Amino acid sequence: MTVHLARRPAAQWWALAGFLAAVLVAAVVGGLAVAQPADDYAALARPGWAPPSWLFGPVWTVLYAMIAVSGWLVWRRAGWGPALWAYAAQLVLNAIWTPLFFGAGLRGLAFADIVLLWLAIGVTVLLFRRISAVAAWLLAPYWLWVTFASALNFTIWHLN
């Protein structure tokens, strides 16, 4: 008889570490794209409702932790399947945004990416909800932040 990996306590903690590592990779890929994103952000024409650059780090730290726990909760219940493929897709789209927006200065392409990211998060939430309501709700603040970030991306694109 095979013991499901998610049922072994040590495996569960290693899996959580793996989910944390995955979101860390998404964050690092974005961070490597730009040497000084706060300076680049400050140099852009921004709307009056744009948050200060110092706010992004703390917000993303909390969101990435919630994203990791959300994925881990789904993995524990269902293993790797369609819901986690959607999860992986949104992480890739997340990682691509910063290099497009800041690194390459392609604000229009970054907007297209963030729209796809928003849709991918929505699909992920719907698929996660079938497996774990808690996991789906953990993604809600992320989805809201990306909604706000989409509006900000669009506005900055048009102002610059």
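To be clear, the structure that these remarks concern was listed above.
Residues numbered from 1 in each chain as written. Predicted model: local features only at pLDDT ≥ 70, side-chain atom pairs only at ≥ 80, totals over all residues. Heavy atoms only, no water.

## Quick word on the overall build of the protein chain
Within the protein chain, the secondary structure is distributed over six helices and zero strands. Moving toward the C terminus, one meets the helices and strands of the protein chain in the order α-α-α-α-α-α. Relative to the compact-globule value of 15 Å for 160 residues, the protein chain shows a C-alpha radius of gyration of 17 Å, a close match. Reported as C-alpha extents along the three principal axes, the dimensions of the protein chain are approximately 60 × 30 × 20 Å. Considering the protein chain as a whole, with its 160 residues, one finds that 42% of them fall into the buried category. With an accessible surface of roughly 8,700 Å², the protein chain has 73% of that area assigned to carbon and sulfur atoms. (Helix = DSSP H or I, 4+ residues; strand = E, 2+ residues; numbered from the N terminus. Rg over C-alpha atoms; globule rule 2.2 N^0.38 Å. Buried < 20%, exposed > 50% of the residue type's maximum accessible area, 1.4 Å probe, protein only. Areas by Shrake-Rupley, 256 points an atom, 1.4 Å probe, with all protein chains shown as cover.)

## As for the packing of helix 3 (residues 56-78) against helix 6 (residues 133-159)
It is the contact of helix 3 with helix 6, at a shortest axis distance of 8 Å, that shows an interaxial angle of 145°. Handedness of the crossing formed by helix 3 with helix 6: left-handed. Along its contact with helix 3, which presents F56, V59, W60, L63, M66, I67, V69, S70, L73 and V74, the element helix 6 presents V134, A135, A136, L138, L139, P141, Y142, W145, V146 and L152. (Axes fitted to C-alpha atoms, helices over the stretch in contact; angles between N-to-C directions. Left-handed = near helix turned anticlockwise from the far one by under 90°. Contact = heavy atoms within 4.5 Å.)

## Comments concerning the packing of aromatic side chains
Scanning all chains against the criterion turns up 16 aromatic pairs. Their ring planes at 70° and their centres at 5.7 Å tell us that F19 and Y87 sit as a pair that is edge-to-face. Linking F19 in helix 1 (residues 9-33) with Y87 in helix 4 (residues 82-103), this pair joins segments that are 68 residues apart in sequence. Accessibility assignment for this pair places F19 and Y87 in one class, buried. Centre to centre, the rings of W118 and W143 are 5.3 Å apart; their planes meet at 45°, and the pair counts as tilted. (Phe/Tyr/Trp six-rings, centres within 6.5 Å; stacked < 30°, edge-to-face > 60°.)

## What about the environment of L32?
With respect to the element layout, L32 can be found in helix 1. Separated by 102 residues in sequence, L32 and V134 have C-alpha atoms that sit 32 Å apart.

## Some details on the nonpolar core
Generally speaking, nonpolar side chains in soluble globular proteins are found buried as a group. I67, Y87, F128 and Y142 are the most contacted members of the largest nonpolar core, which totals 45 residues. Among the elements of the structure, helix 1, helix 3, helix 4, helix 5 (107-131) and helix 6 are those that each provide at least two residues to this core. Excluding residues within four positions of it along the chain, Y142 makes contact with W60, L63, I67, Q90, N94, L117 and I121. (Core = buried A, V, L, I, M, F, W, Y, C linked by side-chain atoms within 4.5 Å.)

## With respect to the packing of helix 4 against helix 6
Between helix 4 and helix 6, the shortest axis-to-axis distance is 13 Å and the interhelical angle comes to 30°. The pairing of helix 4 with helix 6 is recorded here as roughly parallel in orientation. In this structure, the crossing between helix 4 and helix 6 has a hand that is left-handed. In this structure, helix 4 contributes Q90, N94, W97 and F101 to the contact, and helix 6 contributes Y142, N153 and I156. Among the residues making up the contact of helix 4 with helix 6, the classes are represented as four nonpolar, three polar and no charged. (Parallel < 35°, antiparallel > 145°, perpendicular 65-115°, else oblique. Nonpolar A, V, L, I, M, F, W, Y, C, P; charged D, E, K, R; others polar.)

## Focus: helix 4
When the terminal C-alpha atoms of helix 4 are compared, their 31 Å separation across 22 residues agrees well with the 32 Å that a helix rising 1.5 Å per residue should span. One or two positions beyond helix 4, positive phi appears at G105, with a value near 65°. (Expected span 1.5 Å × (residues − 1).)

## Observations regarding a nonpolar patch on the surface
Taken together, the side chains of V115, L116, W118 and L119 define a hydrophobic patch exposed on the protein surface, amounting to about 330 Å² of accessible area. By the element assignment, W118 lies in helix 5. (Patch = residues over 30% accessible without salt bridge, like charges linked within 9 Å, V, L, I, M, F, W, Y side chains within 5 Å. Salt bridge = Lys/Arg side-chain N within 4 Å of Asp/Glu carboxyl O.)

## Brief notes about the environment of L106
With respect to the helices and strands, the residue L106 is situated in the loop between helix 4 and helix 5. Between the C-alpha atom of L106 and that of L152, which follows or precedes it by 46 residues, the distance is 14 Å. Sequence-distant contacts of L106, defined by excluding residues within four places in its chain, comprise L100 and F101.

Keep in mind these numbers describe shape, not what the thing actually does.
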